[in-house]
Amino acid sequence: MSHHIEDLLNAWSAAPHDDWVLAVVTHVEGSAYRKVGAMMLIHGMGKSVGLVSGGCLEADLRRRAQRLIQTEQAASVCYDASDETDASYQLGCGGLIRLMLVPLCAANHYLHFHALKDALATRGQCHYQLPLIDESLLPGAPSALSVQVWCDQRAVDDAHGGCQLSDFSRPGVLPGELASLIIPLRERHRIAIFGGGLDAQPVCQIAQQLGWRVDVVDRRTSYAREYDFVGANIIKQPVNELPQNFWTRLDGAIVMQHNLELDAQAVAAIHQHAQQLSYLALLGPGHRRDRVLALAGLDATSFNAYFSAPAGLVLGGELPASIALSILSECHGVLHGAKRIALKEVMA
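These remarks concern the structure in this document. (Residues numbered from 1 in each chain as written. Predicted model: local features only at pLDDT ≥ 70, side-chain atom pairs only at ≥ 80, totals over all residues. Heavy atoms only, no water.)

**Examining the sheet that holds strand E1 (residues 20–29)**
As summarised here, the arrangement of the five strands in space is E3-E2-E1-E5-E4, forming an open sheet in which the pairing is antiparallel. Since the sheet does not close on itself, it has two edges, and those belong to strand E3 (48–50) and strand E4 (75–80), each with one partner. Averaged over all neighbouring strand pairs, the angle between strand axes comes to 20°, with direction disregarded. Sheet topology places E1 next to strand E5 (residues 96–104); nine bridges connect them, and they run antiparallel. Bridge pairing links His-27 to Arg-98 in E5. Packing against the sheet, helix H1 (residues 5–14) makes contact with E1, strand E2 (39–43), E3 and E5, and its axis sits at approximately 20° to E2. (Pairing = 2+ DSSP bridges. Helix = DSSP H or I, 4+ residues; strand = E, 2+ residues; numbered from the N terminus. Axes fitted to C-alpha atoms, helices over the stretch in contact; angles between N-to-C directions. Contact = heavy atoms within 4.5 Å.)

**Points about the sheet that holds strand E13 (residues 252–255)**
An order of E12-E11-E10-E13-E14-E15 is seen for the six strands of this open sheet, with the pairing classed as parallel. Edge strands, defined here as strands with exactly one partner in the open sheet, are strand E12 (233–235) and strand E15 (306–308). Averaged over neighbouring strand pairs, the angle between their axes works out to 15° when direction is ignored. Pairing of strand E10 (residues 190–194) with E13, which is carried by four bridges, proceeds in the parallel orientation.

**What about the environment of Gln-129?**
Locating Gln-129 in the fold gives a position in strand E6 (residues 125–131). Taking the C-alpha atoms as reference, Gln-129 lies 9.7 Å from Pro-171; in sequence the two are 42 residues apart. For Gln-129, the residues in contact, after removing those within four places along its chain, are Ser-146, Val-147, Gln-148, Trp-150, Leu-174, Ser-180, Leu-181 and Ile-182. Of note is the side chain of Gln-129, whose polar atom sits 2.7 Å from the side chain of Trp-150. (Polar contact = N/O pair within 3.5 Å; in protein donor to acceptor, adjacent residues only side chain to side chain.)

What follows is the structure, given as structure tokens:
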């Protein structure tokens, strides 16, 4: 379980008429494990999907959710750990966290989870707008909440939504008579591994732990076996026969077939078709990279994506799991627009 928004939507869609409560982080002061926009979905029987803390708040939120299901009301709750003498919730970060809890029901159109799930499936990304509630329980039922799912700016303008989606590359509050929280959401990241050998297995496993979708492409008979890549989409086709929809909304590609000709074919196909790619890694030393690129008729400047060859960060280690961690750490940083430096350099 990766606690991605798609996990929340899938859990709800499997039992949409059950009792559910959505918990959303709406405000943070100081340090906190999760930031504004983090979500958690709580079932009436107590199970939950998603995280709004490192585990400090979830049990208390489940108890609160049980009460809200009975009243069909939304509520706002604040956890303040800035007072280190108060150990009520055993928060470890020392910050203040405010959350909103809203039951999903027919009266509020199940917070438009159907539309949200559809938007991510068809468009890959959207903005989710939730009105913010007061500190106390709302006097009315949660049907008072006017939730919106925006797929593009034109839809906002046509509905006189009064916001610029480009201002919300990160979750933020839209002020007004009734302030609202706007959360940018996207589908899971998707990577393709070209090569189904032994060293590709930990790449696949770690990527899936991150919540990413993984395609493993290898036409060779004894490679990319389903029992070695559980949960991945196995493709046993030559790269030049892959359909165009394979290349659509592909975020990263890792080429590791240990064969010059096959790697060159993969790199050439990626260059030609993967127009939305953000990260490309090629396994092997620099002189091998140059041979692969020469066979493909390309050079290191041919790609719009971040091109990593030799692939990965310098983390130490030489076995498959270490190499996988090195490559995926770099890929993760690129996909999230992060500076690839030590955390202590950017946080006090």
